Amino acid sequence: MKFFIDTANLAEIREAYDMGILDGVTTNPSLMAKEGISGDANVKAHYKAICNIVDDKVSAEVIATDYEGMIREGKELAKIDDKIVVKIPMIKEGIKAIKYFHSEGIRTNCTLVFSSGQALLAAKAGASYVSPFIGRLDDISYDGLELIAQIVHIYNNYGYETEVLAASIRHTMHLIKCAELGADVVTCPLKVITGLLKHPLTDSGLAQFLADHAKAAGK
Ligand code: E4P
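This structure is a prediction, so every number in the text was calculated from the model and none was measured.

What counts as what
- Residues numbered from 1 in each chain as written.
- Predicted model: local features only at pLDDT ≥ 70, side-chain atom pairs only at ≥ 80, totals over all residues.
- Heavy atoms only, no water.
- Pairing = 2+ DSSP bridges.
- Helix = DSSP H or I, 4+ residues; strand = E, 2+ residues; numbered from the N terminus.
- Axes fitted to C-alpha atoms, helices over the stretch in contact; angles between N-to-C directions.
- Contact = heavy atoms within 4.5 Å.
- Buried < 20%, exposed > 50% of the residue type's maximum accessible area, 1.4 Å probe, protein only.
- Salt bridge = Lys/Arg side-chain N within 4 Å of Asp/Glu carboxyl O.
- UniProt positions renumbered as here; feature names shortened; annotations may be inferred.

Visitor: I tried to follow the sheet that holds strand β4 (residues 84-89) on my own but got confused; where do I start?
Guide: Picture the strands of a sheet paired through backbone hydrogen bonds; they go either parallel or antiparallel. Read around the closed barrel, the eight strands follow the order β1-β2-β3-β4-β5-β6-β7-β8; overall the barrel is parallel. In this sheet, adjacent strand axes meet at a mean angle of 30° when their direction is disregarded. Here strand β1 (residues 2-6) pairs with strand β2 (residues 24-26) via three bridges, running parallel. Within the sheet, the bridge partner assigned to Phe 4 lies in β2 and is Gly 24. Packed onto the sheet, helix α3 (residues 40-53) meets β2, β3 (58-61) and β4 and runs at close to 170° relative to β3.

Shown next as C-alpha cells:
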C-alpha cells in the first residue's frame, strides 16, 4: 500500500519523506489556504517546492468547475512538474475533464467521492486515482470504510486500473482497515502515519533492554 501525506506544509512533507516511507502528497484548496498560500504565482511556486521534496505524485487541485476552466488550469498545473497529478472534483464537467486528461497522458485524481457509483464513473473516465473521503462520511453517520470495500470490490470485478486512494483519514485504525480492505493508497496527516509507531510494549521493552544493557556493563 502506498502512503501519501495530506498536507501542504513543507516541514511535514520533509519529515515524512525523511522517514523513507512516503510515496506522494495530496493537497486541496483548504490545505493550501491553511499554509497561507494564495495568488497564482505563489500557488504554483508552492507546488514546485513540494515536488522538489518528494519523488513523485503530488496532487494539485483545480479551482474551476467548468470543463474549459478545468482543462486550462489542469494543463497549467501539469506544466509545473512531471510529478503533478491533476486533482479534479467529482462533477459531470470533471468527468469530461478526466477523460480528456487521460487521452493526453496526464494523471488525474478524482476528488470528493462519496459513493461507489461516483467511483465507477471516475474509473470509466480513466482517472488515475479515485479519492473516497472516509472521515467525512463517518462524520454524517455513514460507514466510510464500507465505501472503500465496495469500490475495491467493483474495481476488482472489472480490472479497472484506477487506484483507490482512501482520503479524509482521521486516525490509525482508518489506515489499518484500509490496508485490510485492499485500498491502493492512503492519504493522511503526518500524525496518523507517526501514530503507527506507537505501542506501549515497544516503549517498555526498549527501556528494559537499555536498562539491562547498562546493568551488565556496570553503569
Ligand atoms: C485528500 O485528497 C482530501 O482532500 C483530504 O483527505 C480531505 O480530508 P478532510 O476530510 O480531513 O478535510
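Okay, back to it.
Visitor: Just checking my understanding: could you explain the pairing of strand β8 (residues 185-188) for this structure?
Guide: Within a regular strand, side chains alternate between the sheet's two faces. Side chains Val 185 and Thr 187 project from β8 onto one buried face, and the interleaved Val 186 and Cys 188 project onto a second face that is buried too. One ladder, built from four bridges, connects β1 with β8; its direction is parallel. Note that in β8 the partner of Lys 2 across the bridge is Val 185. Note that strand β7 (residues 163-166) and β8 share two bridges and pair parallel.

Visitor: Even after reading the chapter, I still don't get the pattern of salt bridges, so can you show me in this structure?
Guide: A pair can form between side chains of opposite charge whenever their charged atoms are brought close. Enumeration over the complete set of coordinates arrives at eleven salt bridges. Between Lys 57 and Asp 56 there is a salt bridge, with its nearest N and O atoms 3.9 Å apart. Where Glu 93 meets Lys 96, a salt bridge forms, and the shortest distance between an N and an O atom there is 3.3 Å. Taken as a pair, Glu 93 and Lys 96 lie in helix α5 (residues 92-103) at a separation of three residues, close to a single helical turn.

Visitor: Sorry, what's going on with the UniProt feature "active site" (unreviewed entry) in the protein here?
Guide: When the UniProt feature table is mapped to this numbering, "active site" (unreviewed entry) covers Lys 87. Residue contacts for Lys 87: discarding those within four places in its chain leaves Thr 26, Thr 27, Asn 28, Ser 59, Ala 60, Glu 61, Val 62, Asn 109 and Thr 111.

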